[in-house]
Amino acid sequence: MPREPMIAPSLLSADFARLAEESRRVSDADWLHFDVMDAHFVPNLTFGLPVMAAVQAVSPVPLDCHLMIENPERWAPGYAEAGAGNVTIHAEAAADPRAVARDIRAAGALAGLALKPGTPLEGFLDVLRDFDTLLVMTVEPGFGGQEFIADVLPKVRRARELVDAGHLTLFVEVDGGINADTIEQAAAAGADVFVAGSAVYGADDPGKAIEALRAQAAGAMPA
Ligand code: DX5
Ligand code: ZN
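Residues numbered from 1 in each chain as written. Chains lettered and ligands numbered in written order. Predicted model: local features only at pLDDT ≥ 70, side-chain atom pairs only at ≥ 80, totals over all residues. Heavy atoms only, no water.

### Some words on the packing of aromatic side chains
Geometrically, a pair of aromatic rings is defined through the distance of the ring centres and the angle of the planes. What counts is decided by this rule: For Phe, Tyr and Trp, where Trp contributes only its six-membered ring, two rings pair if their centres lie within 6.5 Å, and the inter-plane angle classes them as stacked under 30 degrees, edge-to-face over 60, or tilted in between. Secondary structure counts use DSSP, requiring at least four H or I residues in a row for a helix and at least two E residues in a row for a strand, with both numbered from the N terminus. Accessibility here uses a 1.4 Å probe with only protein chains present; expressed as a share of the type maximum, an area under 20% marks a residue as buried, one over 50% as exposed, and anything in between as partly exposed. Distance and angle both matter: a charge sits over a ring if NZ of Lys or CZ of Arg is within 6 Å of the ring centre and within 35 degrees of the ring normal.
Per the counting criterion, the structure on display carries three aromatic pairs. With a centroid separation of 5.1 Å and 50° between ring planes, the pair formed by F16 and F47 is classed as tilted. Taken together, the residues span a long stretch of sequence, with F16 in the loop between β1 (6–9) and α1 (19–24) and F47 in the loop between β2 (32–37) and α2 (49–58) at a distance of 31 residues. Classification of F16 by relative accessible area gives partly exposed; the value is 42%. On the basis of relative accessible area, F47 is assigned to the buried category, the value being 8%. Note on W31 and F171: the rings are 5.6 Å apart at their centroids and 85° apart in plane angle, and the pair reads as edge-to-face. On the criterion of sequence distance, the pair formed by W31 in the loop between α1 and β2 and F171 in strand β7 (residues 171–175) is long-range, its members being 140 residues apart. On the basis of relative accessibility, which here comes to 8%, the residue W31 falls in the buried class. Among the aromatic side chains, those forming a connected cluster through ring pairs are F16, F34 and F47. Across the ring face of F41, the terminal group of K116 is positioned such that the distance to the ring centre comes to 5.2 Å.

### Focus: the pattern of salt bridges
Working definition: two side chains of opposite charge can pair if their charged atoms are close together. Put simply, the rule reads: When a carboxyl oxygen of Asp or Glu is within 4 Å of a side-chain nitrogen of Lys or Arg, the pair counts as a salt bridge.
If you walk through the whole model with that rule in mind, you get 13 salt bridges. Across the pair R18 and D15 runs a salt bridge, and its minimum N-O distance is 3.3 Å. Note that R214 is salt-bridged to E211, the shortest N-O span being 2.7 Å. Of this pair, R214 and E211 both sit in helix α8 (residues 206–220), separated by three residues, roughly a single helical turn. Residue classification places R214 among the buried residues on the basis of a relative accessible area of 19%. You can call E211 partly exposed: its relative accessible area is 37%. Each of the salt bridges in this network shares a partner with another, and the network as a whole consists of R3, R160, D164 and D192.

### Brief notes about the coordination of the zinc ion (ligand 2)
Basically, it comes down to this: Donor selection uses N, O and S atoms within 2.8 Å of the metal (3.2 Å for Na, K and Ca). Since no water is included, sites may look incomplete. The rule is simple: four donors are tetrahedral if all their angles sit between 85 and 135 degrees, four are square planar and six octahedral if opposite donors span more than 155 degrees and the others lie between 65 and 115, and anything that fits none of that is irregular.
Within the protein, H33 (NE2), D35 (OD), H66 (ND1) and D175 (OD) serve as the donor atoms for the zinc ion (ligand 2), at 2.0 to 2.2 Å. Here the zinc ion (ligand 2) binds six donor atoms, and the angle range of 71 to 174° at the metal identifies the geometry as octahedral. Spacing between the donor residues of the zinc ion (ligand 2) along the chain follows H-x1-D-x30-H-x108-D. D35 shares its class with H33; the two are buried.

### Quick look at the nonpolar core
What counts is decided by this rule: What we call a nonpolar core is a set of buried Ala, Val, Leu, Ile, Met, Phe, Trp, Tyr and Cys residues that are connected through their side-chain atoms within 4.5 Å. Only heavy atoms matter for contacts: two residues are in contact if any of them lie within 4.5 Å across the pair.
Of all hydrophobic cores here, the largest spans 64 residues; its most connected members are F34, L67, V87, I89, I104, L128 and F194. Sort the elements by how many residues they give to this core and helix α5 (residues 153–164) lands first, with five residues. Among all residues touching I89, those that are not within four sequence positions of it are L67, P72, A76, A94, P97, V100, I104, G112, L113, A114 and F131.

In structure tokens, the structure reads:
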């Protein structure tokens, strides 16, 4: 079955005083990416579960929650219960990622596992059988607007090979520095979900930016 690229604008680059309107400005997106940071796992603090539940209640598209937090086992199921489409935890933060995946799925969301740029895929191949999404970070997590790290692309390629060979069944998502200059490389390497913060919310027309990114990704994806 041919894959369709999915675009997930990141609310991290939106106007925090207008989250409802900002979610409606990207109604053509596939997921709305919601970056939760706890000032411990990453050196930045954003928003948490009560804000996520409020945004999910008005968002035209499901939320894609990216939990850059310690103790994800404690918090992740709550995001699924609040109606998230996908809840991603960090491999580096979870003592037992499979148990968290089970709890997220039991609460009705897809379960994602995120890897920082320096975290190899190979240690998580077994664990990933229990996940629906692999989030390959293409910047160090913590801040929007950073430069894409192309050195991570071999990890995207390896993940795509494993999916195509039937060893894994999951979305391969990239996050960080995705824009008109970089999305084709990520798509050619095998990503099928593309997070874009500054490239969407920094554009005059976020809807047009989403369509342009989607067309670029579709053109660059391997057949
Ligand atoms: C970074 C976040 C990203 C961020 C991406 O830690 O996980 O989702 O919003 O922003 P851009 O697209 O501007 O790099
Ligand atoms: Zn993110």
